[in-house]
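# A structural walkthrough
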Amino acid sequence: MAAREPDPRPAPVATPDSTPGPAPDSSSDPETGPEPLTVPSMSAGPDFVLRPWEMSDLPLVREASLDPYIPLITTIPAPYSEAAAEAFVRGQWERAATGAGYPFAIVRSRDRRPVGAIGLWLRELPEGRASLGYWLTDTARGQGVARAALRTVTGWALRDLGVPRLQLYIEPWNTASARIAEDIGFRREGLLRGWQQVGDERRDMAVYALLNSDGPVDGRAVTAR
């Protein structure tokens, strides 16, 4: 189960931190670029935690690299190598350090095992919108993981960061991800033909969106800043 990762730019070196930080100021000095972001740790219900990526997550990268679909729509390396996996994790730190977005590892609470990833990507924040993407390893699917993680990041982005519009890109065949998005309040707005290269072909993507003004997420009111 996965929703397209819309900002695939891994790069080297930065350090994760567990203290929350604000969304970048869209009026940042163009010569210095966006402010660095601090990825918070957050509870995603009683069973899962979202936290910054760590080098201890290499087994998760290995498992994801063996999935037939995840490497096609993300920057997960395939075939796997420890060097490539370490570069992938550093790339997640760099995304936060350069203001590109908030990458989270999804971790099971009972045994601290990482089972997937979710990201909030801010490349289009100056235009008032941000994108979400996520993926889960095969052993974590069908357990409510994606719903809990997506609901948590969606509510945080709308309420705490004040993002006006959130977007998800989902392949039309991926009915499980579409159902989760709609359950949380995202609305399908249309079909983007030939939107993304996936493997050897261009694929259509359905676009789903949720506005800050659409109403409550997870039972709590959302109020735009």
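So, here is what we can say about the structure in this document. (Residues numbered from 1 in each chain as written. Predicted model: local features only at pLDDT ≥ 70, side-chain atom pairs only at ≥ 80, totals over all residues. Heavy atoms only, no water.)

### Notes on the side chain of Thr 137
Topologically, Thr 137 is positioned in the loop between strand 6 (129-136) and helix 4 (145-160). Taking the relative accessible area as the measure of exposure, Thr 137 reaches 2% and is therefore buried. Discounting residues that sit within four places of it in the chain, Thr 137 has contacts with Leu 60, Glu 63, Ala 64 and Val 115. (Helix = DSSP H or I, 4+ residues; strand = E, 2+ residues; numbered from the N terminus. Buried < 20%, exposed > 50% of the residue type's maximum accessible area, 1.4 Å probe, protein only. Contact = heavy atoms within 4.5 Å.)

### Points about the pairing of strand 4 (residues 101-108)
Extensive coverage of strand 4 is indicated by the burial of eight of its eight residues. With burial as the criterion, each face of strand 4 is covered, one bearing Gly 101, Pro 103, Ala 105 and Val 107 and the other bearing Tyr 102, Phe 104, Ile 106 and Arg 108. Bridge count between strand 3 (residues 48-51) and strand 4: four bridges; the pairing is antiparallel. Note on strand 4: the bridge partner recorded for Leu 50 is Ile 106. Bridge count for strand 4 against strand 5 (residues 114-121) is seven bridges, and the pairing is antiparallel. When the bridges of strand 5 are listed, Phe 104 appears paired with Ile 118. (Pairing = 2+ DSSP bridges.)

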